[in-house]
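Chain by chain, the residues:
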Amino acid sequence: MKKTYLMIFLMMMLVMAGAGCSSDETEMKPQAGGKVELTVSAAVSLQDALNDIKKSFEKENANVEVHYNFGASGALQQQISQGAPVDLFFSAAEDKFDKLIEEDLIEEKNGIDLVGNDLVLVVPKDSKKGIGSLEDLTKADKISIGTPESVPAGQYAKQTLENMNLFKEMEDRLVYAKDVRQVLTYVETGNVDAGLVYKTDALNSSKVEVIAAAQGDLHDPIIYPVGMINNLDHAKEAKLFYDYLQTETSMEIFEKYGFKNLK
């Protein structure tokens, strides 16, 4: 009788062990038909264009799903530096991108200066301040720009005002924003009299009027580099999307939204 119980006990242990191995193997293997998810941290000014590109990319690559993290380039760069799980970084400023190269988080060969932009002065559609040029900014009581330390558009705006010898005069009238889209919102709602934003953002708003573009010699070149983060879990898929951003289809979308093709 004891032998019978022993045999039953041993058989139960073998079944349980087998079930445990089967469970472990199931957890280790990706689910059949599962999608690879990519995370792309990108400047908020790229939002409309990148959302269109995502649709066309995923239509052609059904096994890959792209998730965006939009924000100010400086804040995104800091997140990546601190270990945020990101596959690609699409910055609105070269210095933020170069910082990640210096930190060995992006290899220079895995990045490209892809598109460019312009900085423009905008006012509310119903503005009665008589602002007809950059020089007329002195007529404004409140002007919004992005926070220069973290928002590239704000950095370019500050450079423009400094090179026009207007920054010190206007400093106490400046309303800083967390990103360029917030600057645009302040102008659209009439909370400020004027703002300095990217041309691409201004073109997508029916509530503002573009008054003038800042000349290129007033600020650093506005260049958007994109690159792949090192040591990726999904390097193959990240390279696939990185290459897709450089295709004729993608460049046409960027140009539709007002970006300059720098390829």
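Residues numbered from 1 in each chain as written. Predicted model: local features only at pLDDT ≥ 70, side-chain atom pairs only at ≥ 80, totals over all residues. Heavy atoms only, no water.

Scanning the protein chain from N- to C-terminus turns up ten helices and eleven strands. Within the protein chain, buried positions represent 46% of all 263 residues. Pairs at least 24 apart in sequence give 78% of the contacts found in the protein chain among residues at least 6 apart. Carbon and sulfur atoms provide 51% of the accessible area of the protein chain, an area that totals close to 13,900 Å². (Helix = DSSP H or I, 4+ residues; strand = E, 2+ residues; numbered from the N terminus. Buried < 20%, exposed > 50% of the residue type's maximum accessible area, 1.4 Å probe, protein only. Contact = heavy atoms within 4.5 Å. Areas by Shrake-Rupley, 256 points an atom, 1.4 Å probe, with all protein chains shown as cover.)

Moving on, we come to the pattern of salt bridges. Two side chains bearing opposite charge may form a pair once their charged atoms approach each other closely. Under the criterion given, the structure shown has ten salt bridges. Note that Arg181 is salt-bridged to Asp48, the shortest N-O span being 3.1 Å. Of this pair, Arg181 sits in helix α7 (residues 180-188) while Asp48 sits in helix α2 (residues 47-60), and the two are 133 residues apart along the sequence. Lys109 is paired through a salt bridge with Glu107; the nearest N and O atoms lie 3.7 Å apart. Several salt bridges converge on common partners, so that one network encompasses Asp48, Arg181 and Asp201. (Salt bridge = Lys/Arg side-chain N within 4 Å of Asp/Glu carboxyl O.)

Parts of the model with low pLDDT should not have their predicted coordinates read in detail. Looking at the protein chain as a whole, the pLDDT averages 90, with 87% of positions reaching at least 70. Every residue in residues 1-10 scores below 50 in pLDDT, and together they form zero contacts with partners more than four places removed in sequence or on other chains. Per-residue pLDDT stays below 50 along residues 12-32; that stretch engages in one contact with residues further than four places along the chain or on separate chains. (pLDDT = per-residue confidence, 0-100.)

Right, let's get into a negative patch on the surface. On the surface, a cluster of negative charge is made up of Asp98, Glu102, Glu103, Asp104, Glu108 and Asp113. Listed by contribution, the elements that provide at least two residues to the negative patch are α4 (94-102) and β4 (106-116). Here Asp98 lies in helix α4. (Patch = residues over 30% accessible without salt bridge, like charges linked within 9 Å, V, L, I, M, F, W, Y side chains within 5 Å. Lys, Arg positive; Asp, Glu negative; His and termini not counted. Charge placed at Lys NZ, Arg CZ, Asp CG, Glu CD.)

Glancing now at helix α5 (residues 152-163). In this model α5 runs 16 Å from its N-terminal to its C-terminal C-alpha over twelve residues, within 8% of the 16 Å that 1.5 Å per residue would give. Most of α5 is tucked away: nine of the twelve residues are buried. Those residues of α5 that sit buried are Pro152, Ala153, Gly154, Gln155, Tyr156, Ala157, Gln159, Thr160 and Leu161. (Expected span 1.5 Å × (residues − 1).)

Time to look at the environment of Ile229. Following the sequence through the fold, Ile229 ends up in strand β10 (residues 223-229). For the pair Ile229 and Ile106, spaced 123 residues apart in sequence, the C-alpha separation works out to 5.0 Å. Setting aside its immediate chain neighbours within four residues, Ile229 contacts Ile80, Val86, Asp87, Leu88, Phe89, Leu100, Leu105 and Ile106.

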